[in-house]
Amino acid sequence: MAGRVSCGALRAADAGAAVELDGWVNRRRDHGGLIFVDLRDHEGITQIVFDPAHASFAQAEHLRNEDVLRVEGTVRRRPEGTENPRLPTGDVEVAIGLLEVLNRSQVPPFAVNSEEPVDESLRLEYRYLDLRRPRMQRNLRLRHQIIKAMRDFFDSRGFLEIETPMMIKSTPEGARDYLVPSRLYPGHFYALPQSPQLLKQILMIAGFGKYMQIARCMRDEDQRADRLVEFVQLDVELSFCTQDDVLEVMESCMRHVWHAVLGIELKPFPRLTHQEALAKYGLDKPDLRFGLELADVGATFAQSDFAVFRSAIDSGGAIVALRYPNGAASSRRDFDALTETAKTYGGKGMVWIALGADGVKSPAAKFLTESQIESVRAALDAQTGDALLLFAGAAEVAYAVAGKMRNEVGDRCGLRDPKAFAFAWVTGFPYLEIDEETGQPIPAHHPFTAPAPGDWGLIDTAPRSMRAQHYDMVLNGYELGSGSIRIHKAQEQRKIFEMLGLTPEQVEERFGFFVRALEYGAPPHGGMALGIDRIVMIACNEENLRDVTAFPKNSVARDVMMDAPSPVPEQLVRDLHLRLAPESHSRG
């Protein structure tokens, strides 16, 4: 090999070649008679050796980390015993022939050549440096490979990638829209898309049949570690399909991605109904890397005088039990901490029973009979040395708290293997759920979802009993994405809007264009969207979406590198026919 090469390309077979390399100083080491510089680019690191007899030695004495260099030299084998097995280039080095300093660097605010933790706010402020670090380079390369594998898969299945616009009509889908004021139409606004939902359905009406897109979406909502205001999703829609057709193509895509990118052969995804997921795991996004299924033990305590259990039973609630493997060895303080954790998840508390070798221990022991404890033990298949954790309250709360505590126990017991990938499908969701803020029924997915076969008849008599043709893909306790079979008849879509309390005038204002499109021979269709950021986060074994995104906003939705959002010139505000409230000026 000769000529210009990357810093990760050289091997022992290249010894004797004259080469040119460009990159950053990753590390400089002065060993008395020699200076060694590890030169880094996006493909790797090569060691450069400066000899005192060479004219460039004096320059090398003043190099510092992150200076940008161009070097020419001769590849040679490293002396025996000095090889670096941690580097692909570790058998060779380049003896300097020519050094050109292309640019100098300020002293970085943190070590670019290290994996040591750095405060996230500092990382985001100097994102251009953070992105040079090995971890971020690895993560974004894997992201590229995953997206490429997705595109390759859908291309092989005959799907077209069609771009949809970034400025559309505001059609709220459960979160706040980001709005874009129009200069040409005073008082009117575009919205940035929360998803291409209606547009991809219109593409089905337009006869394209199979659509996919790597779509950018925006939602003006509070950020979390597993949620961003600006995110990317794999968006898919197909015509003349059943729910099974959609599940098959999306599962096949993920199996292809995991094989092509990670070299892992995934087993067929298990399918759970929404009710099964809640009954066994307490959550509709269960982590199936481990067992510890929940048990409803309300019947065991039907005659109990224990006030905590009696109150739950009398009010029609539930008592849910969870096994804590080897938990009997925990101290009273440990159990108290677990109880406080349960409270943070919305529970009123937790009853624990330690099944120690020297007998049963529990603060509630005097309220529990031996047969009751044995019944719970049998329901959970618990062994001596385990602990039993019980949660009482309204059924939905007791199961949700127990489900979150199951994950907590899984972490404490080391059962959530970060190298394992447990995919699953959850189907058969309720059509409606109750909005926590308003108390009104809202679609569990979105109002374009078709009710389950046979459930249309419930819309006038028992709408809260309706099930939806809605499905989620979950992985390791995260929801990767949702999809549904869509309503494809205009009269049925209007009926759903009516059930949700929208007047004909509101329907026309918000969705008139879409309902009219359904009147022109819309085919049966369905689809799904998967969150690419979450997929990459899990594949990279990260816990924060910002660690797999090049330029994310911070935890309060600010871009601290660019200082955005930020004030704009007053003339631009006037051009957009806007007037800012006084507090807006004070924030600026």
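Notes on the structure in this doc start here.

The rules we used
- Residues numbered from 1 in each chain as written.
- Predicted model: local features only at pLDDT ≥ 70, side-chain atom pairs only at ≥ 80, totals over all residues.
- Heavy atoms only, no water.
- Pairing = 2+ DSSP bridges.
- Helix = DSSP H or I, 4+ residues; strand = E, 2+ residues; numbered from the N terminus.
- Contact = heavy atoms within 4.5 Å.
- Axes fitted to C-alpha atoms, helices over the stretch in contact; angles between N-to-C directions.
- Phe/Tyr/Trp six-rings, centres within 6.5 Å; stacked < 30°, edge-to-face > 60°.
- Lys NZ or Arg CZ within 6 Å of the ring centre and 35° of its normal.
- Parallel < 35°, antiparallel > 145°, perpendicular 65-115°, else oblique.
- Left-handed = near helix turned anticlockwise from the far one by under 90°.
- Nonpolar A, V, L, I, M, F, W, Y, C, P; charged D, E, K, R; others polar.
- Buried < 20%, exposed > 50% of the residue type's maximum accessible area, 1.4 Å probe, protein only.

### So, the sheet that holds strand β16 (residues 359-361)
Alright, step 1. Judged by pairing direction, the sheet is antiparallel, and its five strands sit side by side in the order β13-β14-β17-β15-β16 without closing on themselves. The open sheet terminates on both sides in strands that have one partner only, identified here as β13 (295-296) and β16.
Alright, step 2. As judged from the seven bridges shared by strand β14 (residues 318-324) and strand β17 (residues 387-393), these two strands associate in the antiparallel manner. Bridging from a neighbouring strand, Val 320 pairs with Phe 391 of β17.
Alright, step 3. Contacts from helix α8 (residues 307-314) reach β14, β15 (351-356) and β17 within the one sheet, and its direction differs from that of β17 by about 45°.
Alright, step 4. Those strands touched by helix α11 (residues 395-412) are β13, β14 and β17, and its axis lies near 5° from that of β14.

### Thoughts on the packing of aromatic side chains
Alright, step 1. Tallied over the full model, the rule gives 16 aromatic pairs.
Alright, step 2. Centre to centre, the rings of Tyr 126 and Tyr 128 are 6.1 Å apart; their planes meet at 75°, and the pair counts as edge-to-face.
Alright, step 3. Taken together through their ring pairs, the aromatic side chains of Trp 258, Phe 269, Phe 421, Phe 423, Trp 425 and Tyr 471 make up a single cluster.
Alright, step 4. Taking NZ or CZ as reference, Arg 406 lies 4.0 Å from the ring centre of Phe 290, over its face.

### Things to note about the packing of helix α5 (residues 197-205) against helix α13 (residues 504-518)
Alright, step 1. Closest axis-to-axis distance for the α5/α13 pair is 10 Å, and the angle between their directions is 25°. Looking at the two axes, α5 sits roughly parallel to α13. Between α5 and α13 lies a crossing whose hand is left-handed. Here Leu 198, Gln 201, Ile 202 and Ile 205 of α5 come into contact with α13, specifically with Phe 511, Phe 513, Phe 514, Ala 517 and Leu 518.
Alright, step 2. Looking at the contact of α5 with α13 residue by residue, the class counts come to eight nonpolar, one polar and no charged.

### Some thoughts on the packing of helix α12 (residues 490-499) against α13
Alright, step 1. Contact pair α12 / α13: the axes reach a minimum separation of 9 Å and the direction vectors enclose 155°. With respect to α13, the axis of α12 lies roughly antiparallel. You can see that α12 and α13 cross each other, and the crossing is right-handed. For the pair α12 and α13, the contacting residues are Ala 490, Gln 493, Arg 494 and Phe 497 in the first and Val 507, Phe 511, Phe 514, Val 515 and Leu 518 in the second.
Alright, step 2. A per-class count over the contact of α12 with α13 returns seven nonpolar, one polar and one charged.

### Some points on unusual backbone geometry
Alright, step 1. The residue after Ala 564, namely Pro 565, is reached through a cis peptide bond having omega 5°.
Alright, step 2. At Glu 66, a residue that is not glycine, the phi angle is positive and equals roughly 80°.
Alright, step 3. Position of Glu 66 relative to the elements: it lies in the loop between α1 (57-60) and β5 (68-77).
Alright, step 4. Residue His 577 is not a glycine yet carries a positive backbone phi of 60°.
Alright, step 5. For His 577, the position within the fold is in the loop between α15 (570-575) and α16 (582-587).
Alright, step 6. His 577 sits in the partly exposed class, given a relative accessible area of 44%.

### Observations concerning α5
Alright, step 1. A large share of α5 lies buried, amounting to seven of its nine residues.
Alright, step 2. Those residues of α5 not exposed but buried are Gln 197, Leu 198, Lys 200, Gln 201, Leu 203, Met 204 and Ile 205.
Alright, step 3. Those residues of α5 hidden inside the fold are in contact with β10 (210-218), β11 (230-239), α13 and β23 (525-531).
Alright, step 4. Where α5 terminates, the next one or two residues include Gly 207, which has phi positive at roughly 95°.

### Notes on the environment of Glu 221
Alright, step 1. Mapped onto the elements, Glu 221 comes out in the loop between β10 and β11.
Alright, step 2. Separated by 336 residues in the primary sequence, Glu 221 and Ala 557 have C-alpha atoms spaced 8.8 Å apart.
Alright, step 3. Apart from the residues lying within four places of it in its own chain, the contact partners of Glu 221 are Ala 175, Arg 227 and Val 229.

### A closer look at the sheet that holds strand β22 (residues 478-485)
Alright, step 1. If you trace the eight strands from one edge of the open sheet to the other, you get β7-β10-β11-β23-β22-β21-β18-β12, paired in mixed fashion. Unpaired on one side and paired on the other, β7 (160-161) and β12 (271-273) mark the two borders of the sheet.
Alright, step 2. Where β12 and strand β18 (residues 423-427) come together, three bridges link them in parallel fashion. Its bridge partner lying in β18, Arg 271 is registered against Trp 425.
Alright, step 3. Running at roughly 20° to β11, α5 makes contact with β10, β11 and β23 of the sheet.

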